[in-house]
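Report on the structure
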Amino acid sequence: MYLIAGATGNVGRHVVTGLVAANEPVRALTRDPAAAGLPAGAAAVATADAAADATLDGVTGVFVHAAVFHGDLPGFLAAAKAHGVKRVVTLSSLASVSPGNPIGDHHLALERQIEDSGLEWVHLRPGAFAVNTLAWAGQIRGDGVVRLPYPDSHTNAIHERDIADVAVRAFLTDDLVGARPVLTGPESLRQDEQVRLIGAAIGRELTAERIDAKVARDAMVGGFVTEAMADWMLEAQAEMVDNPAPISPETERILGRPGRTFADWAVEHAADFA
Ligand SMILES: NC(=O)c1ccc[n+]([C@@H]2O[C@H](COP(=O)([O-])OP(=O)(O)OC[C@H]3O[C@@H](n4cnc5c(N)ncnc54)[C@H](OP(=O)(O)O)[C@@H]3O)[C@@H](O)[C@H]2O)c1
């Protein structure tokens with residue numbers, strides 16, 4: 001039995017689908033079980049009941065998403081261990097590779113709490129998700145001009161389903177225990193090239209237009225993203241102007257196939273932009 005946090009989200013939903021497809025029993029955490037819309041075969045469980053006996057009984061593996069256990073991850077992990085959970089697969093971040101930045105430090109703290117629990121762990125360290133480009137959907141549906149501070153900045157965006165496929169592998173085999181695989185997409189693309197590929201997927205000519213970084217920063221801050229995080233993300237984008245984004249070999253090595261391309265992702269999500 002696997003317990004998946006963030007189960008209705010960009011990555012977690014695919015983890016649930018992947019485990020169900022492998023005929024594994026799944027409990028899926030969500031704050032609103034009635035609205036979760038999970039695949040048949042997965043049982044929705046209220047996030048508030050994450051540490052309850054009925055939730056943890058029989059669970060051997062837990063997928064941890066940072067936002068879901070905010071506040072008391074150590075308490076949850078202690079309860080999980082007491083119930084016989086063996087392994088945690090963590091949705092961490094590539095930012096953890098370079099400590100000292102606010103996003104990396106946030107995820108490193110999460111990783112350390114999990115390591116301190118004494119449970120087996122696999123920390124997945126993905127770079128930018130392809131789904132981040134959904135933030136452009138309003139502009140694409142509008143005048144078809146995507147306004148970006150660094151349209152010529154490169155990214156190695158990863159398809160969320162590839163992250164989930166690695167997570168499923170991390171649960172169903174022992175190959176990744178104690179590993180921190182860096183996961184990226186298979187290619188380096190400029191953001192204006194991503195805009196063009198979304199245009200190709202929806203059959204419209206789209207363009208990217210440069211805007212002031214300060215305007216972009218104001219739009220980024222809010223929710224999980226602090227001012228310091230927005231500054232770090234913009235600096236990272238500025239550094240990737242004219243520099244191809246590094247491609248991690250780990251995704252292909254673990255999955256035994258190349259990662260899904262951004263063009264594939266755009267075709268799958270065409271309806272979200274139309
Ligand atoms: N986006 C990127 O480029 C990127 C790159 C590297 C790492 N990451 C990391 O990946 C994680 C995001 O993954 P994701 O996009 O799959 O997540 P997501 O879709 O944003 O959220 C997953 C689910 O978590 C639940 N949730 C959200 N906020 C919550 C809260 N405050 N309390 C309890 N439950 C909450 C929601 O489910 P319910 O509403 O059903 O409860 C949501 O559907 C973050 O930790 C991020 O730092 C992101």
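Just so we're clear, the structure is a prediction, and the values are computed from it rather than from any experiment.

Let us now look at the packing of helix α8 (residues 213–220) against helix α9 (residues 227–239). Running from N to C, α8 and α9 cross one another at 135°; their axes reach a closest spacing of 9 Å. When the interaxial angle is binned, α8 and α9 end up oblique. The chirality of how α8 crosses α9 is right-handed. Where α8 abuts α9, its residues A213, A216, R217 and M220 lie against E227, A230, D231, M233 and L234. Grouping the constituent residues of the contact of α8 with α9 by class yields 6 nonpolar, no polar and 3 charged.

Looking now at the UniProt feature "domain: NAD(P)-binding" (unreviewed entry) in the protein chain. If you check UniProt for "domain: NAD(P)-binding" (unreviewed entry), the listed places come out as residues 6–171 in our numbering. This span, residues 6–171, is 34% helix and 20% strand, and a straight line between its end C-alpha atoms measures 16 Å.

Our next topic: the site of the ligand. Near the ligand you find 21 residues, and of these T8, N10, T30, R31 and N132 are the closest. Separating an oxygen atom of the ligand from a backbone N or O atom of G9 is a distance of 3.5 Å. At 2.8 Å from an oxygen atom of the ligand is found a main-chain nitrogen or oxygen belonging to R31. A total of 920 Å² of accessible area belongs to the ligand in isolation, and the protein chains cover 74% of it. Of the residues that constitute the shell around the ligand, the class distribution is 8 nonpolar, 12 polar and 1 charged.

The next subject is the nonpolar core. Soluble globular proteins tend to pack their nonpolar side chains together in the buried interior. Counting residues in hydrophobic clusters, the biggest one holds 50 residues, and the most contacted among them are I4, V15, F63 and L124. The contact partners of I4, leaving out residues within four places of it in the chain, are G12, V15, V16, L19, V26, R27, A28, L29, F63 and F171. Core analysis: the second largest hydrophobic core is formed by 22 residues, V59, A66, F76 and W121 among them.

The next thing to look at is the pattern of salt bridges. Side chains bearing opposite charge may pair, as long as their charged atoms lie close to each other. Tallying each qualifying case throughout the model produces 19 salt bridges. When the shortest N-O distance is used, the salt bridge between D231 and R217 registers 2.5 Å. On the criterion of sequence distance, the pair formed by D231 in helix α9 and R217 in helix α8 is long-range, its members being 14 residues apart. For the salt bridge of R253 with E250, the shortest nitrogen-to-oxygen distance reads 3.1 Å. Separated by 3 residues within a single helix, R253 and E250 lie in helix α10 (residues 250–255), roughly one turn from each other. For R253, a relative accessible area of 54% gives the class exposed. The structure contains a network of salt bridges with shared partners spanning E111, E115, R125 and R180.

What follows concerns empty space enclosed by the protein. Rolled over the atoms, a probe with the dimensions of a water molecule shows which regions are left empty. A full pass over the atoms with the stated rule returns 1 cavity of 30 Å³ or more. The volume enclosed by the largest cavity comes to roughly 30 Å³. Together, T155, N156, A157, E187, L189, Q194 and F262 line the largest cavity.

With that settled, the discussion passes to the layout of surface pockets. A volume near 170 Å³ is recorded for the second largest pocket. Lining of the second largest pocket is provided by 13 residues; of these, A66, H70, G71, H106 and L110 occupy positions nearest its centre. Breaking the lining of the second largest pocket down by element, the ones donating at least two residues are α3 (73–82) and α4 (102–116). In terms of residue count, α4 provides more of the lining of the second largest pocket than any other element does, 4 residues in total. Among the residues forming the lining of the second largest pocket, the class breakdown is 8 nonpolar, 4 polar and 1 charged.

Ordered in space as β3-β2-β1-β4-β5-β6-β9, the 7 strands form an open sheet in which the pairing is parallel. The open sheet is flanked by β3 (42–46) and β9 (182–183), the only strands paired with a single partner. Bridging between strand β6 (residues 120–126) and β9 involves 2 bridges; their strand directions are parallel. Looking across to β9, one finds that R125 is bridged to V182. Running over the sheet, helix α1 (residues 12–21) touches β1 (2–4), β2 (26–30), β3 and β4 (61–65) and is turned about 160° from β1.

Reading guide: rules and limits
Residues numbered from 1 in each chain as written. Predicted model: local features only at pLDDT ≥ 70, side-chain atom pairs only at ≥ 80, totals over all residues. Heavy atoms only, no water. Axes fitted to C-alpha atoms, helices over the stretch in contact; angles between N-to-C directions. Helix = DSSP H or I, 4+ residues; strand = E, 2+ residues; numbered from the N terminus. Parallel < 35°, antiparallel > 145°, perpendicular 65-115°, else oblique. Left-handed = near helix turned anticlockwise from the far one by under 90°. Contact = heavy atoms within 4.5 Å. Nonpolar A, V, L, I, M, F, W, Y, C, P; charged D, E, K, R; others polar. UniProt positions renumbered as here; feature names shortened; annotations may be inferred. Near = heavy atom within 4 Å. Polar contact = N/O pair within 3.5 Å; in protein donor to acceptor, adjacent residues only side chain to side chain. Areas by Shrake-Rupley, 256 points an atom, 1.4 Å probe, with all protein chains shown as cover. Core = buried A, V, L, I, M, F, W, Y, C linked by side-chain atoms within 4.5 Å. Buried < 20%, exposed > 50% of the residue type's maximum accessible area, 1.4 Å probe, protein only. Salt bridge = Lys/Arg side-chain N within 4 Å of Asp/Glu carboxyl O. 1 Å grid on protein atoms, 1.4 Å probe; cavity = no way out; pocket = protein on both sides within 12 Å on 5 of 7 lines; lining within 4 Å. Points joined across faces, edges and corners; volume = space filled by probe spheres on them. Pairing = 2+ DSSP bridges.

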